[in-house]
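# Structural characterization, general
Here's the letter readout for the chains.
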2 protein chains.
Amino acid sequence: MSVDTLSVVVERDLPYPPEKIWRALTQPHLIEEWLMKGDFQPEMGHRFSLRADWGSVNCEVRAIEPGKALSYTWDTKDLRSIVTWTLFPSETGTRLRIEQTGFQPEQQPYYRGAQAGWPRFLDAMERVLRERN
Amino acid sequence: MSVDTLSVVVERDLPYPPEKIWRALTQPHLIEEWLMKGDFQPEMGHRFSLRADWGSVNCEVRAIEPGKALSYTWDTKDLRSIVTWTLFPSETGTRLRIEQTGFQPEQQPYYRGAQAGWPRFLDAMERVLRERN
């Protein structure tokens, strides 16, 4: 049988306008507060890393549409994946969608880890959004 | 914190043209062989059910683009979800994508079940595709 590619998708309604969420997604001092420490820049092809206690993630910006969408590679150890953020304006603020694609069926620890991890990162982002008016 | 909506996404490269896969997705006698028994019709708004030993799924066609995309609701017990199939022609055949969206964080049994289930359904579809030339 063929090999599947698996993705993790989480969507959350946030009571903030897209511009505010966009800042949390793209400003390194804010990214550090909810995700990881890194040298992100909102430029196509920009390479950056995200660093945590457990190791680091190598990233390269693959798509950027200010206030609307942002995509970067997310490579760590033997995982080659892509993270895509999409912001949909809603009546109450923004519907934020995170998709991480590229998990192989035998990479269950990464796959399960992402399923558990992204909601926690979103919780942390919400705290940043609430505290940084 | 806000409530997330979770999705399961599985993509698989199949060595068959989109038209052949489209038939497996839309012809009831083929659907029955790899998914469940049901009265699907490729018409917007068509309501149908899929029946298995464990119960049934209530569906309604929400989008249809012959040979390219098909979306229907997938409601069972207290799950309200949407299944979307997308077919991308590739050099070797077709890249088939299934996305089921609408899982709530507290619906882990459904979420885990879909993660395990769709690859198995795709295995069964592949057998049908191989045997029905």
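Residues numbered from 1 in each chain as written. Chains lettered and ligands numbered in written order. Predicted model: local features only at pLDDT ≥ 70, side-chain atom pairs only at ≥ 80, totals over all residues. Heavy atoms only, no water.

In plain terms, the rule: UniProt positions are given in the numbering used here, feature names are shortened, and annotations may be inferred rather than shown by experiment.
Database annotation for chain A, UniProt heading Sequence similarities (unreviewed entry): "Belongs to the AHA1 family."

### A closer look at the overall build of chain A
Rules: To qualify as a helix, a DSSP run of H or I must reach at least 4 residues; to qualify as a strand, a run of E must reach at least 2; elements of each kind are numbered from the N terminus. Computation of the radius of gyration draws on C-alpha atoms, with the globule rule given as 2.2 Å multiplied by the number of residues to the power 0.38. Here the term buried applies to any residue with accessible area under 20% of the maximum for its type, exposed to any over 50%, and partly exposed to those in between, with areas from a 1.4 Å probe on protein chains only. Contacts are assigned to residue pairs with any non-hydrogen atoms lying within 4.5 Å of each other. Computed with the Shrake-Rupley method and a 1.4 Å probe, the accessible areas treat only the protein chains shown as cover for residues. A positive count includes Lys and Arg, and a negative count includes Asp and Glu. His and the chain ends are not counted in either. By convention, the point assigned to a charge is CZ for Arg, NZ for Lys, CD for Glu and CG for Asp.
Looking only at helices and strands, chain A has three helices and seven strands in total. Ordered by position in the sequence, the α and β elements of chain A form the string β-α-α-β-β-β-β-β-β-α. Expected size for 133 residues packed as a compact globule is a radius of gyration near 14 Å; at 15 Å, chain A falls within 12% of this value. When burial is assessed residue by residue, chain A has 52% of its 133 residues classed as buried. Sequence-distant contacts, at least 24 apart, represent 48% of the contacts inside chain A between residues at least 6 apart. By element, 50% of the accessible surface of chain A is carried by carbon and sulfur atoms, the whole surface being about 6500 Å². Computing the positive centroid from 17 side-chain charges and the negative centroid from 19, chain A places the two 3 Å apart.

### Comments concerning the interface of chain B and chain A
Our working definition: When two parts are put together, the accessible area they lose, computed with a 1.4 Å probe and summed over both, is reported as buried area. For salt bridges, the criterion is a side-chain nitrogen of Lys or Arg within 4 Å of an Asp or Glu carboxyl oxygen. Throughout this description, a polar contact denotes any pair of N or O atoms lying within 3.5 Å of each other; where both atoms belong to protein, one of them has to be capable of donating a hydrogen while the other can accept it, and for residues adjacent in sequence the pair is counted only when both atoms sit in side chains.
The interface is formed by 27 residues belonging to chain B together with 27 residues belonging to chain A. Overall, the association of chain B and chain A removes approximately 1900 Å² of surface from exposure, summing both partners, and the carbon and sulfur fraction of that is 38%. At the junction of chain B with chain A, the criterion picks out four salt bridges. The partner of Arg 97 of chain A in a salt bridge is Glu 99 of chain B, with the nearest N and O atoms 3.7 Å apart. Where chain B touches chain A, the interface holds 11 residue pairs in polar contact (both at pLDDT 80 or more). Listed by contribution, the elements that provide at least two residues to the side of chain B that touches chain A are strand S1 (4-14), strand S7 (93-103) and helix H3 (108-131) of chain B.

### A look at the relation of the copies chain B and chain A
Spelled out, the test is: Least squares is the method for superposing the copies, and the C-alpha atoms it fits come from residues with pLDDT of at least 70 in both.
By a simple turn and slide, chain B fits onto chain A: the slide is 0.0 Å along the axis, the RMSD is 0.0 Å, and the turn is 180°. Each copy turns onto its partner about a two-fold axis. Within chain B, the C-alpha atom positioned nearest to the axis of rotation is that of Val 8 of chain B, 3.3 Å from it.

### Thoughts on the side chain of Arg 97 of chain A
Mapped onto the fold, Arg 97 of chain A is located in strand S7 (residues 93-103). Its relative accessible area of 13% is what places Arg 97 of chain A among the buried residues. Polar contacts involving the side chain of Arg 97 of chain A include one to the side chain of Glu 99 of chain A, which spans 2.8 Å. Residue contacts for Arg 97 of chain A: discarding those within four places in its chain leaves Val 9, Val 10, Glu 11, Thr 84, Trp 85, Thr 86 and Phe 88 of chain A together with Arg 97 and Glu 99 of chain B.

### Description of the packing of helix H3 (residues 108-131) of chain A against H3 of chain B
Convention followed: Axes here mean lines fitted to C-alpha atoms, for a helix over just the part in contact, with angles spanning 0 to 180 degrees between N-to-C directions. Comment on the angle field: the value is read as roughly parallel under 35 degrees, roughly antiparallel over 145, roughly perpendicular from 65 to 115, and oblique elsewhere. A crossing counts as left-handed when the near helix is turned anticlockwise from the far one by less than a right angle, and as right-handed when that turn is clockwise. Three residue categories are used. Nonpolar comprises Ala, Val, Leu, Ile, Met, Phe, Trp, Tyr, Cys and Pro, charged comprises Asp, Glu, Lys and Arg, and polar comprises the others, including Gly.
In contact at an axis separation of 14 Å, H3 of chain A and H3 of chain B are set at 150° when each is read in the N-to-C sense. Of the possible angle classes, the one that applies to H3 of chain A and H3 of chain B is roughly antiparallel. When the axes of H3 of chain A and H3 of chain B are compared, the crossing they make is right-handed. From H3 of chain A, Tyr 111, Arg 112 and Gln 115 of chain A reach across to H3 of chain B, where they touch Tyr 111, Arg 112 and Gln 115 of chain B. Along the lines of polarity and charge, the residues of the contact of H3 of chain A with H3 of chain B split into two nonpolar, two polar and two charged.

### Remarks on the pattern of salt bridges
Pairing between side chains becomes possible if they bear opposite charge and their charged atoms approach one another. In this structure the tally under the stated criterion is 22 salt bridges over all chains. Among the ionic pairs, Arg 97 of chain B bridges to Glu 11 of chain B, the shortest N-O distance being 4.0 Å. Of this pair, Arg 97 of chain B sits in strand S7 while Glu 11 of chain B sits in strand S1; the two residues are 86 residues apart in sequence, bridging distant segments of the chain. Accessibility expressed as a relative area gives 11% for Glu 11 of chain B, which makes it buried. Among the charged side chains, a network of salt bridges with common partners joins Glu 11, Asp 13, Arg 95, Arg 97 and Glu 99 of chain A together with Glu 11, Asp 13, Arg 95, Arg 97 and Glu 99 of chain B.

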